[in-house]
Amino acid sequence: MIIPLFHKESLDLVIYGEGPEWEAPPEYVRDAIRQGNHKALIVLGHAESEKPGMEYVANLIKLKFPSIPVHYIDLEPLFLCLLTKSFNNIFHFSQAGY
C-alpha cells in the first residue's frame with residue numbers, strides 16, 4: 001500500500017525492504033518522474049532489509065547462550081545498482097559478480 005502513501009503524506013521518497021510489485025510498482029515512480037513529479041523509490045530487497053535484525057538476534061543469542069557458538073554470516077548482495085547520468089535510463093541493474 002505504498003502508492004497511497006505517496007499521495008496521502010506528500011512523500012518524495014519511499015525506502016522499503018520488499019513487497020509485491022502491485023503495492024509499490026517501480027513503473028508508478030518512473031511514470032511520475034516522466035510527468036515532472038519528484039518521486040523516488042529505493043527497494044533494499046529481502047536479505048538486505050533483514051540484515052540489521054539478523055545481526056541483532058545473533059548477538060542476543062550469543063548473550064543468552066554463551067556456551068553455544070553463534071555466528072552471523074554476511075552474504076554478498078544479489079544485485080548491484082549502478083547510477084547513470086541518463087534521465088531516460090535512470091538505473092542499470094546487474095547481478096552481482098557479472
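Below is a short write-up of the structure. (Residues numbered from 1 in each chain as written. Predicted model: local features only at pLDDT ≥ 70, side-chain atom pairs only at ≥ 80, totals over all residues. Heavy atoms only, no water.)

### Comments concerning the packing of aromatic side chains
Any two aromatic rings considered together are summarised by their centre-to-centre distance and by the angle between their planes.
Inference 1: Scanning the model with the defined rule gives 1 aromatic pair in all.
Inference 2: Judged by centre distance (5.5 Å) and plane angle (40 degrees), the ring pair of phenylalanine 6 and tyrosine 28 falls under tilted. With a gap of 22 residues between them, phenylalanine 6 in helix α1 (residues 2-8) and tyrosine 28 in helix α2 (residues 26-34) connect regions that are remote in the sequence.
Inference 3: A residue is classified by how much of its surface remains accessible, and phenylalanine 6, at 2% relative accessible area, is buried. (Phe/Tyr/Trp six-rings, centres within 6.5 Å; stacked < 30°, edge-to-face > 60°. Helix = DSSP H or I, 4+ residues; strand = E, 2+ residues; numbered from the N terminus. Buried < 20%, exposed > 50% of the residue type's maximum accessible area, 1.4 Å probe, protein only.)

### Re unusual backbone geometry
Inference 1: One non-glycine residue, serine 10, lies in positive phi territory at about 55 degrees.
Inference 2: Relative to the elements of secondary structure, serine 10 occurs in the loop between α1 and β1 (13-16).
Inference 3: Residue class for serine 10 comes out exposed when judged on its relative accessible area of 58%.

### Points about the environment of isoleucine 73
Inference 1: Turning to its location among the elements, isoleucine 73 is positioned in the loop between α3 (46-64) and β3 (79-83).
Inference 2: Note on isoleucine 73: relative accessible area 66%, which makes it exposed.
Inference 3: In sequence terms isoleucine 73 and methionine 54 are 19 residues apart; their C-alpha atoms lie 9.5 Å from each other.

### A word on a nonpolar patch on the surface
Inference 1: On the surface, Tyr56, Val57, Leu60, Ile61, Leu63, Phe65 and Ile68 cluster together into a nonpolar patch covering about 690 Å² of accessible area.
Inference 2: Residue placement: tyrosine 56 occurs in helix α3.
Inference 3: For tyrosine 56, a relative accessible area of 54% puts it in the exposed group. (Patch = residues over 30% accessible without salt bridge, like charges linked within 9 Å, V, L, I, M, F, W, Y side chains within 5 Å. Areas by Shrake-Rupley, 256 points an atom, 1.4 Å probe, with all protein chains shown as cover. Salt bridge = Lys/Arg side-chain N within 4 Å of Asp/Glu carboxyl O.)

### Notes on the side chain of lysine 39
Inference 1: In this fold, lysine 39 is placed in the loop between α2 and β2 (40-43).
Inference 2: Buried lysine 39, no salt bridge; nearest opposite-charge side chain is aspartate 12, N-O distance 4.6 Å.
Inference 3: Among the polar contacts listed, one links the side chain of lysine 39 to the backbone oxygen of leucine 11, at a separation of 2.7 Å.
Inference 4: When sequence neighbours within four positions are dropped, the list of residues in contact with lysine 39 reads Phe6, Leu11, Asp12, Val29, Ala32 and Ile33. (Lys, Arg positive; Asp, Glu negative; His and termini not counted. Polar contact = N/O pair within 3.5 Å; in protein donor to acceptor, adjacent residues only side chain to side chain. Contact = heavy atoms within 4.5 Å.)

### Regarding the nonpolar core
Inference 1: Ile2, Phe6, Val14, Tyr16, Val29, Ile33 and Leu41 together form the largest nonpolar core, which totals 7 residues.
Inference 2: Among the elements of the structure, α1, β1 and α2 are those that each provide at least two residues to this core. (Core = buried A, V, L, I, M, F, W, Y, C linked by side-chain atoms within 4.5 Å.)

### Observations regarding α3
Inference 1: Counted at 1.5 Å a residue, the expected span for α3 with its 19 residues is 27 Å, and the 27 Å between its end C-alpha atoms agrees.
Inference 2: Along α3, the helix axis deviates most sharply at proline 52, where the bend reaches about 40 degrees. (Expected span 1.5 Å × (residues − 1). Bend = angle between axes of the 7 residues up to and from the residue.)

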